[in-house]
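Each chain, letter by letter, is given below.
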Amino acid sequence: MTSTETPAGAGLAARKPAPVRRHKYSRAERKLRRTGWLMITPALLHLALWTAIPVVATFALGFTNYNVFSPPQWVGLQNYVEIVQDPVFRKATWNTIVYTFWTVPVSMAIALVIAVALNQGLRFQKWYRTAFFLPQVTATVAIAMVWLWIFNPQQGLLNAFLGLFGIPGQAWLADPDWALWSVILVGAWQGIGIKMLIYIAALQNIDGSLYEAASVDGASTVRKFFAITVPMLKPATFFVLVISIINAFQVFDQIYVLTNGGPANATTMMTYEVYRSAFEEFRMGMASAQSVVLFIFLLFMTLVGRRATREDH
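Residues numbered from 1 in each chain as written. Predicted model: local features only at pLDDT ≥ 70, side-chain atom pairs only at ≥ 80, totals over all residues. Heavy atoms only, no water.

## A few points about the packing of aromatic side chains
Note the cut-off: Two rings from Phe, Tyr or Trp (for Trp, the six-membered ring) form a pair when their centres sit within 6.5 Å of each other. Planes less than 30 degrees apart are called stacked, planes more than 60 degrees apart edge-to-face, and all others tilted. For helices the rule is a DSSP run of H or I covering at least 4 residues; for strands it is a run of E covering at least 2, with both sets numbered from the N terminus onward. The classification of residues rests on relative accessible area computed with a 1.4 Å probe and restricted to protein chains. Under 20% of the type maximum is buried, over 50% is exposed, and intermediate values are partly exposed.
The full count for this structure, using the stated rule, is 19 aromatic pairs. When the centroid spacing of 5.5 Å and the interplanar angle of 70° are considered together, the rings of Trp 102 and Trp 181 count as edge-to-face. Within this pair, whereas Trp 102 is found in helix H4 (residues 87-118), its partner Trp 181 is found in helix H8 (residues 176-190), the two being separated by 79 residues in sequence. Geometrically, the ring pair formed by Trp 172 and Trp 178 is edge-to-face, given 5.1 Å between the ring centres and 80° between the ring planes. Owing to a relative accessible area of 9%, Trp 172 belongs among the buried residues under this scheme.

This is the structure:
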């Protein structure tokens, strides 16, 4: 080997990257980081105590027979097998799906139309916004009591209105054929306000030059709505869809007040069955398993909604 030759592997050794040096924080930066962690510690403790621990406990108790008064007994998948075989919970699952299927798209469509109308600079715009948003901030129990009066078969406003046109009234909440549809009507009506507000905020962020360019090209109002407004609202639509599905699957208050799950389980929902298992039958293990099933449904529906509203690539 001559002096000009280099040994094999010497070039690779020469090209070996230098070790990465870890960034050293200054004293002021370390103090700032400690301050930041100190400030978020209460929120982290709250999250761990009231969210993380209960979630883990729910998953664990779902495999036990636990009635609060005695220690939990491990039963494996018995609770989940019973859920699959329980006709009442299957009915509750179906009712929840039907309720979600109708309340979510109907309330979203109405909210979008109202938002577009209010974004045109109508007179008394603030009053309209307040009127549509008011049911969202009103206690659900109070709203349910008002609808109890509206649906009353003797003195109810709805039957009185139908009577003006010679249409016979119905026992809206006592008839299994009408009870679920009555609950769906209440749910769709109550959910319009928050969706409308989100859509209005999203509409105000759309660049007006897009509509001006479309007008120059001769696009009609309907064409501009479907070619500009709807695509630009995709992020807002996904957010509204997700929160709407979650709220629909967690409906409880109005069911408890309006129908108590009846008649003949026609309006019982998954959350109501969780309540009934936990606080009427004291079967906390079963209630935990039902909650896990509800969580799986919510996760699945969220993923479906994400896929339906994702951006095209």
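## Side note on the domain arrangement of the chain
The test is simple: A domain assignment, automatic or from a database, supplies the domain bounds used here.
Here the domain parsing of the chain yields domain 1 (23-61) and domain 2 (78-312). One C-alpha centre belongs to domain 1, the other to domain 2, and the line joining them spans 35 Å.

## Observations concerning unusual backbone geometry
A cis amide bond links Gly 262 to the next residue, Pro 263, at an omega of -10°. A positive phi angle, near 80°, is found at Val 68, a position not held by glycine. Position of Val 68 relative to the elements: it lies in the loop between strand E1 (64-65) and strand E2 (73-74).

## Concerning helix H6 (residues 140-150)
Short version of the rule: The arc in question is traced by the directions running from the helix axis to the C-beta atoms. Any two residues whose heavy atoms approach within 4.5 Å are treated as being in contact.
Those residues of H6 that sit buried are Ile 143, Ala 144, Trp 147 and Ile 150. The buried side chains of H6 occupy one side of the element, clustering within an arc of 105° when seen end-on. Buried residues along H6 sit against helix H5 (125-137), helix H7 (157-163), H8 and helix H13 (253-258).

## A word on the confidence of the model for the chain
To keep things clear, this is the line we draw: By definition, pLDDT measures how confident the predictor is in each residue, and it falls between 0 and 100.
In the predicted model, the chain carries a mean pLDDT of 86, and 90% of its residues have values of at least 70. Of all secondary-structure elements in the chain, the lowest mean pLDDT belongs to helix H1 (residues 10-14), at 50, while helix H3 (residues 78-85) reaches the highest, 94.

## Focus on the side chain of Ser 182
Among the structural elements, Ser 182 can be located in helix H8. The buried category is assigned to Ser 182, whose relative accessible area is 4%.

## Examining the packing of H6 against H8
This is how it is decided: Here an axis means a line fitted to C-alpha atoms, over the contact stretch when the element is a helix, while the angle between two N-to-C directions is reported on a 0 to 180 degree scale. An angle below 35 degrees is read as roughly parallel, one above 145 as roughly antiparallel, one from 65 to 115 as roughly perpendicular, and any other as oblique. Take the far helix as your reference; a near helix turned counterclockwise from it by less than a right angle gives a left-handed crossing, and one turned clockwise gives a right-handed crossing. All amino acids are sorted into three groups, where Ala, Val, Leu, Ile, Met, Phe, Trp, Tyr, Cys and Pro are nonpolar, Asp, Glu, Lys and Arg are charged, and the leftover types, Gly among them, are polar.
Contact pair H6 / H8: the axes reach a minimum separation of 12 Å and the direction vectors enclose 130°. Compared by their axis directions, H6 and H8 come out oblique. You can see that H6 and H8 cross each other, and the crossing is right-handed. Contact residues: Thr 140, Ile 143 and Trp 147 in H6; Leu 185, Val 186, Trp 189 and Gln 190 in H8. Partitioning the contact of H6 with H8 into residue classes produces 5 nonpolar, 2 polar and no charged.

## Thoughts on a nonpolar patch on the surface
To keep things clear, this is the line we draw: To count toward a patch, a residue needs a relative accessible area above 30% and no salt bridge. Like charges then connect within 9 Å, nonpolar side chains (Val, Leu, Ile, Met, Phe, Trp, Tyr) within 5 Å. Throughout, the Shrake-Rupley method with a 1.4 Å probe supplies accessible areas, and for residues the shown protein chains are the sole cover considered. In what follows, salt bridge is the name for a side-chain nitrogen of Lys or Arg lying within 4 Å of a carboxyl oxygen of Asp or Glu.
A surface patch of nonpolar side chains, amounting to about 550 Å² of accessible area, comprises Val 55, Phe 59, Phe 295, Ile 296, Leu 299 and Leu 303. With respect to the helices and strands, Val 55 occurs in helix H2 (residues 27-61). Classification of Val 55 as partly exposed rests on a relative accessible area of 42%.

## Digging into the pattern of salt bridges
Scanning the entire structure with this criterion turns up 2 salt bridges. Here Arg 283 ties to Glu 82 by a salt bridge, and the two come within 3.0 Å at their closest N and O atoms. Of this pair, Arg 283 sits in the loop between helix H14 (270-280) and helix H15 (284-309) while Glu 82 sits in helix H3, placing them 201 residues apart in sequence. Note on Arg 283: relative accessible area 28%, which makes it partly exposed.

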